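Results of the structural survey
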Amino acid sequence: MNTTTASTLPAAAAQKIPWRKSKKLDQWICYWSVPFFYNLFGIVFVPLSWMMPPRSPSSPLPDVVAFMQSHNLLLACAILTLAYGLAPVSNAVYLTQMKRMSVNPAFRVTLMIGSIAGAIVGMLFPLFCFGLGAFRSGYEPAVLQMLYDFGYLAFIGSLGCFCAMWMAFGLAILLDHNNILPKWLGYYTVWQFVTELVAAPVWIDKSGAFGWNGLMTFWLAMLIYVPWQFIVYVCIYKAIRDQPEDELDNAVARKPGRAPAGAGA
Amino acid sequence: MTVADASAVVDRDTRTTVVTRSRHVPGEPSMWFFVIGDLFIFAIYFVLYVVYRQQQHALFLSSEQHLNQGIGAINTVVLLTSSLFVALGTQTARLGKARDAMRLFVFAAATGALFPILKLVEWLPELGAGLTPGHNLFFMFYYVMAGLHLCHVMLGLVIMCFVIRDLRISKAPDMKFIEAGATYWHMVDLLWLVLFALFYLMR
């Protein structure tokens, strides 16, 4: 694999290109949208609505009703409605780097479809459930209880699509001969798959270690997931930074018949 | 974690086998990262299991009686035997005897494949008797942790198939890959020994 940076441009000339004219600008914008998205998510889920850490699956009905009809939840759902479209952008960052790997495109497609399914089940469904409770007053407490269960189970218990996508991502890193991302990250990603499996009992248990707020199913998963999320973006940052410009999809000039930038120089 | 071994390298130009003695960390460092991390994660599960077991000792003790100790013991022997074949296969591959190593890895994979079959034989009657994960906390722990281990076994069998493929088609076996696969399989073995002790033997 060609690892020379900006092979078609002299190094000094490449450094002089202003960042606004960098061919990686679009990729960098996508990349930096990710911390924005996750920070927004963090604020919405934790201090604003206290959806997270998850409330108890066996909360008393009055507590569930008070939560589902709270103003803070309404505000959180309003922000999520506007911002959830950023999720595909973050996945595009993964996919762009996966495209550079020497593995079969099936891995990339699996991640793509898995993340689409994951966003629908793990984000849209909870949004609708909590949003219904918050925006539409007048529901019976039993209905609100059902929406509460549905919302949390969709958010924490949506396993299959995430299992498949993380396994595809992890295996793609491990099998890649171009070394786009470090091998140890591939193994770390396999643990993501494991944590998804451990979350399966949330459908069965309503309290204790295997409830949706349990030590085994939630807290241990978070112990693995949160550092992984930080680390994977540091690795992706390095992968984008080290990507040769002539390897970019937009390296070819827009005018038909014109050679890629710097070709023949 | 270094090994002193006789490693053989097939020189592609001269078709000669050069046997060298060296001390090195077997496999790939990234695999060790995975193994140590995986052991750490399982260690947390084990600690949590013991803590909950202490809290509900009578329940856990009575539930353990429903497990099939015989199949558990056979599975232990199965995995240990498979691990032995893996160790012998790795040693043989280091000496450059790819054919013999492949044969040993086939034995290892065949023995290892018995594990999921025996698990099925063990679990079907238990599930049929209503001893499902929802039965009580013990069975939840049991199915989750044994299920996770089973996933590791399945992944190990897949890795073993790739090792066999590598030994079959390549003139110079990729020792790093073979050692990484062997390391992983030994970890699977080690995890089972702890699981067996915790779920089947602990009183």
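Section: the UniProt feature "transmembrane region" (unreviewed entry) in chain A
Residue and element names in this part refer to chain A. Using the residue numbers shown here, the UniProt feature "transmembrane region" (unreviewed entry) corresponds to residues 29–52, 72–94, 106–135, 150–173, 185–204 and 216–236. Along residues 106–135, the helical share is 100% and the strand share 0%, with 41 Å between the first and last C-alpha atoms. Split by type, residues 216–236 is 100% helix and 0% strand. Its first and last C-alpha atoms lie 29 Å apart.

Observations regarding the packing of helix α2 (residues 25–48) of chain A against helix α4 (residues 71–83) of chain A
Geometrically, a packed helix pair is captured by the angle between its two axes and the distance between the axes. All names here are of chain A. Where α2 contacts α4, the two axes come as close as 9 Å, and the packing angle between them is 165 degrees. As far as their axial angle goes, α4 and α2 are roughly antiparallel. The crossing of α2 and α4 is left-handed. Of α4, the residues touching α2 (which contributes F37, L40, F41, V44, F45 and L48) are N72, L75, A76, I79, L80 and A83.

Quick word on the packing of aromatic side chains
All names here are of chain A. Counting across every chain of the model gives 56 aromatic pairs over all chains. Judged by centre distance (6.1 Å) and plane angle (80 degrees), the rings of F67 and Y148 are edge-to-face. Separated by 81 residues along the polypeptide, F67 in helix α3 (residues 61–68) and Y148 in helix α7 (residues 141–157) bring together distant segments of the chain. For F67, a relative accessible area of 4% corresponds to the buried category.

Concerning the interface of chain A and chain B
The interface of chain A with chain B comprises 19 residues on the first partner and 21 residues on the second. Considering only the side of chain A, the residues that lose the most area to chain B are Y187(A), W191(A) and M216(A), jointly responsible for 31% of the buried surface there. Where chain A packs against chain B, one counts 1 residue pair in polar contact (both at pLDDT 80 or more). Those elements that provide at least two residues to the side of chain A that touches chain B are α9 (183–198) and α10 (215–242) of chain A. Sorting elements by how many residues they give to the side of chain A that touches chain B places α9(A) first, with 9 residues.

With respect to helix α5 (residues 86–98) of chain A
Residue and element names in this part refer to chain A. Taking 1.5 Å per residue, 13 residues should reach 18 Å; α5 reaches 19 Å between its end C-alpha atoms and fits that length. A87, S90, N91, V93, Y94, L95, Q97 and M98 are the residues of α5 that are buried. Elements that come into contact with the buried residues of α5 comprise α2, α6 (105–135), α8 (160–175) and α10.

Some words on the pattern of salt bridges
For side chains bearing opposite charge, pairing can occur when the charged atoms are close. Residues and elements named next belong to chain B. The tally for this structure, following the rule as stated, stands at 6 salt bridges over all chains. For the salt bridge of R103 with D100, the shortest nitrogen-to-oxygen distance reads 3.3 Å. With R103 and D100 both in helix α4 (residues 98–128) and 3 residues apart, the pair spans about one turn of that helix. Residue class for R103 comes out partly exposed when judged on its relative accessible area of 44%. On the basis of relative accessible area, D100 is assigned to the partly exposed category, the value being 34%.

Thresholds applied
- Residues numbered from 1 in each chain as written.
- Chains lettered and ligands numbered in written order.
- Predicted model: local features only at pLDDT ≥ 70, side-chain atom pairs only at ≥ 80, totals over all residues.
- Heavy atoms only, no water.
- UniProt positions renumbered as here; feature names shortened; annotations may be inferred.
- Helix = DSSP H or I, 4+ residues; strand = E, 2+ residues; numbered from the N terminus.
- Axes fitted to C-alpha atoms, helices over the stretch in contact; angles between N-to-C directions.
- Parallel < 35°, antiparallel > 145°, perpendicular 65-115°, else oblique.
- Left-handed = near helix turned anticlockwise from the far one by under 90°.
- Contact = heavy atoms within 4.5 Å.
- Phe/Tyr/Trp six-rings, centres within 6.5 Å; stacked < 30°, edge-to-face > 60°.
- Buried < 20%, exposed > 50% of the residue type's maximum accessible area, 1.4 Å probe, protein only.
- Buried area = accessible area lost by both parts, 1.4 Å probe.
- Polar contact = N/O pair within 3.5 Å; in protein donor to acceptor, adjacent residues only side chain to side chain.
- Expected span 1.5 Å × (residues − 1).
- Salt bridge = Lys/Arg side-chain N within 4 Å of Asp/Glu carboxyl O.

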